[in-house]
Amino acid sequence: IKLKVQDTTSLEYLILFTLDTVCVGFFTFDLISRGVTSPDKKAFFMSLMTWLDFLAILPYFVLLFTKESSNSIEILRVLRLARVLRVFKLVRRSKKLLLIAHVMRKSTSELSLLVMVWLMAVVVFGSFLYYAENGKNDKITSILGACWWAVATMSTVGYGDVYPKVTSYSSSNFL
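Thresholds, definitions, all that
Residues numbered from 1 in each chain as written. Predicted model: local features only at pLDDT ≥ 70, side-chain atom pairs only at ≥ 80, totals over all residues. Heavy atoms only, no water. Phe/Tyr/Trp six-rings, centres within 6.5 Å; stacked < 30°, edge-to-face > 60°. Helix = DSSP H or I, 4+ residues; strand = E, 2+ residues; numbered from the N terminus. Buried < 20%, exposed > 50% of the residue type's maximum accessible area, 1.4 Å probe, protein only. Core = buried A, V, L, I, M, F, W, Y, C linked by side-chain atoms within 4.5 Å. Contact = heavy atoms within 4.5 Å. Polar contact = N/O pair within 3.5 Å; in protein donor to acceptor, adjacent residues only side chain to side chain.

1. Focus: the packing of aromatic side chains
What characterises a pair of aromatic rings is the spacing of the ring centres plus the angle enclosed by the ring planes. With the rule as written, the count across this model stands at six aromatic pairs. A centroid spacing of 6.1 Å and a plane angle of 15° characterise the contact between Y13 and F17, whose relative ring orientation is stacked. In this pair, Y13 and F17 both sit in helix 1 (residues 11-37), four residues apart, roughly one turn of the helix. Exposure remark for Y13: the relative accessible area of 30% places this residue in the partly exposed category.

2. Thoughts on the nonpolar core
Considering soluble globular proteins, one finds that nonpolar side chains tend to be buried as a cluster. Counting eight residues, the largest nonpolar core is built from V122, L129, I140, A146, C147, W149, A150 and V162. Of all the secondary structure elements, the ones that give two or more residues to this core are helix 6 (108-133) and helix 7 (143-155). If one sorts the elements of this core by residue count, helix 7 sits on top with four residues. Leave out the neighbours within four places in its chain, and W149 touches F125, L129, V162, Y163 and P164. Core analysis: the second largest hydrophobic core is formed by five residues, L31, F44, I57 and Y60 among them.

3. A word on the side chain of S38
Tracing the backbone shows S38 in the loop between helix 1 and helix 2 (41-46). Looking at S38, its side chain comes within polar contact range of the main-chain oxygen of D40, at 3.2 Å.

All we've got here are geometric facts, nothing functional implied.
What follows is the structure, given as structure tokens:
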């Protein structure tokens, strides 16, 4: 998605640009200070996280100095999201999060069975609804649309965008 800024003097643009500048400045200071204080400079510069951090701040400086916006620079902006992955490093510090990760690893077979049963129920009830409505509902036009109703109904209280309209079902609805 490419966004075009019409007015670079608007208040919203200036606020977002200032916020972006402060954040990139903080991340740049963080990267430089970690590089300067690193006891093993070679290991620091060969680290994947260092390169992700560098690629995360690179688009800001490229756009700042070139004042141009091209598709290749826009792709670089996506790399800023790589900094979000650093949050997962915090998992090592929390005993409760480690416990949750341990439980999830130990119960993968049970969880996968639960997901399979849930998916089968979605397909079965979605198919039942599609054939029960039998063209009487303009919002349920396919089995996949009826499966969306089943997902929303089974996992939440429903969105209300898709719902059954036929109130009395008989065996003739399915024929």
